[in-house]
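This is what each chain is made of:
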Amino acid sequence: TYVVTDNCINCKYTDCVEVCPVDCFYEGENMLVIHPDECIDCGVCEPECPADAIRPDTEPDMENWVDFNRKYSEMW
Ligand code: SF4
């Protein structure tokens, strides 16, 4: 899965949301999040993010971000 990280905080861009083929972005408190079970790992959103906030969970130490994205995408 891909996850949204802290560079997204207070970001006003939604380029990522517009390109996602499965609509798995959700609004968190002050940033967007990706539902880890709905993301199909296509990677289309990553280069669209002007804040470089979207990372693959295959990078080191992403477990907390996966949990965070899951929590806020299931909150509302
Ligand atoms: Fe959506 Fe693809 Fe980005 Fe996952 S990797 S959030 S499916 S655009």
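Heads up: the structure comes first, above all this text.
This one's a predicted model, so the numbers in the text were calculated from it and none came from an experiment.

What counts as what
- Within each chain, residue numbers correspond to sequence positions counted from 1 in written order.
- In keeping with the model being predicted, local features are shown solely for residues with a pLDDT of at least 70 and side-chain atom pairs are shown and tallied solely at 80 or more, while totals for entire chains, interfaces and linings include all residues.
- Computation of side-chain values: all heavy atoms of the structure, hydrogens and water removed.
- Numbering of helices and strands runs from the N terminus; a helix is a DSSP stretch of H or I covering at least four residues, while a strand is a stretch of E covering at least two.
- Computation of the radius of gyration draws on C-alpha atoms alone. For the globule rule, the value is 2.2 Å times the number of residues to the power 0.38.
- Throughout, exposure labels follow a simple rule: accessible area from a 1.4 Å probe, protein chains only, divided by the maximum for the residue type, with under 20% read as buried, over 50% as exposed, and the rest as partly exposed.
- Whether two residues are in contact is decided by their heavy atoms, any of which lying within 4.5 Å being enough.
- All accessible areas in this document rest on Shrake-Rupley with a 1.4 Å probe, and a residue is counted as covered only by the protein chains that are shown.
- By arc we mean the arc of the directions from the helix axis to the C-beta atoms, nothing more.
- Being near a molecule or strand, for a residue, comes down to having at least one heavy atom within 4 Å of it.
- Any residue outside Ala, Val, Leu, Ile, Met, Phe, Trp, Tyr, Cys, Pro, Asp, Glu, Lys and Arg is labelled polar, Gly included; the first ten of those are nonpolar and the last four are charged.
- In this scheme Phe, Tyr and Trp rings, the latter by its six-membered ring, pair at centre separations within 6.5 Å, and the angle between planes marks the pair as stacked below 30 degrees, edge-to-face above 60, and tilted otherwise.

1. Section: the overall build of the protein
The number of helices and strands found in the protein is two helices and four strands. Its helices and strands taken in sequence order, the protein reads β-α-β-β-β-α from the N to the C terminus. A compact globule built from 76 residues should have a C-alpha radius of gyration of about 11 Å, and the protein, at 11 Å, falls within 12% of that. Across its three principal directions, the C-alpha atoms of the protein cover 25 × 25 × 20 Å. A burial count over the protein gives 41% of its 76 residues as buried. In the protein, the share of contacts with a sequence separation of at least 24, taken over all contacts with a separation of at least 6, comes to 67%. Just so you have it, the protein exposes about 4,600 Å², and 46% of that area is on carbon and sulfur atoms.

2. Some thoughts on the environment of isoleucine 9
Summarising the element assignment, isoleucine 9 is placed in the loop between β1 (2-4) and α1 (15-19). Residues isoleucine 9 and proline 56, spaced 47 residues apart in sequence, show a C-alpha to C-alpha distance of 18 Å. In contact with isoleucine 9, other than residues within four places in its own chain, are Asn30 and Met31.

3. Section: helix α2 (residues 63-73)
Looking only at α2, the buried set comprises Val66, Asn69, Tyr72 and Ser73. Buried residues of α2 fall within an arc of 140 degrees about the axis and therefore sit on the same side. In α2, those exposed residues whose orientation departs by more than 90 degrees from the buried face are Glu63 and Asn64. On its buried face, α2 sits against β1, β2 (25-27) and β3 (32-34).

4. Overview of the site of the ligand
Taken together, the residues surrounding the ligand are Tyr2, Cys20, Pro21, Val22, Cys24, Phe25, Ile34, Cys39, Ile40, Cys42, Gly43 and Cys45. Partitioning the shell around the ligand into residue classes produces 11 nonpolar, one polar and no charged.

5. Details of the packing of aromatic side chains
Within the structure shown, the criterion is met by two aromatic pairs. Both rings, one in tryptophan 65 and one in phenylalanine 68, keep their centres 5.3 Å apart while their planes meet at 75 degrees; by these two values the pair is edge-to-face. In this pair, tryptophan 65 and phenylalanine 68 both sit in helix α2, three residues apart, roughly one turn of the helix. Accessibility expressed as a relative area gives 27% for phenylalanine 68, which makes it partly exposed. Taken together, the ring pairs in this structure connect Trp65, Phe68 and Tyr72 into an aromatic cluster.

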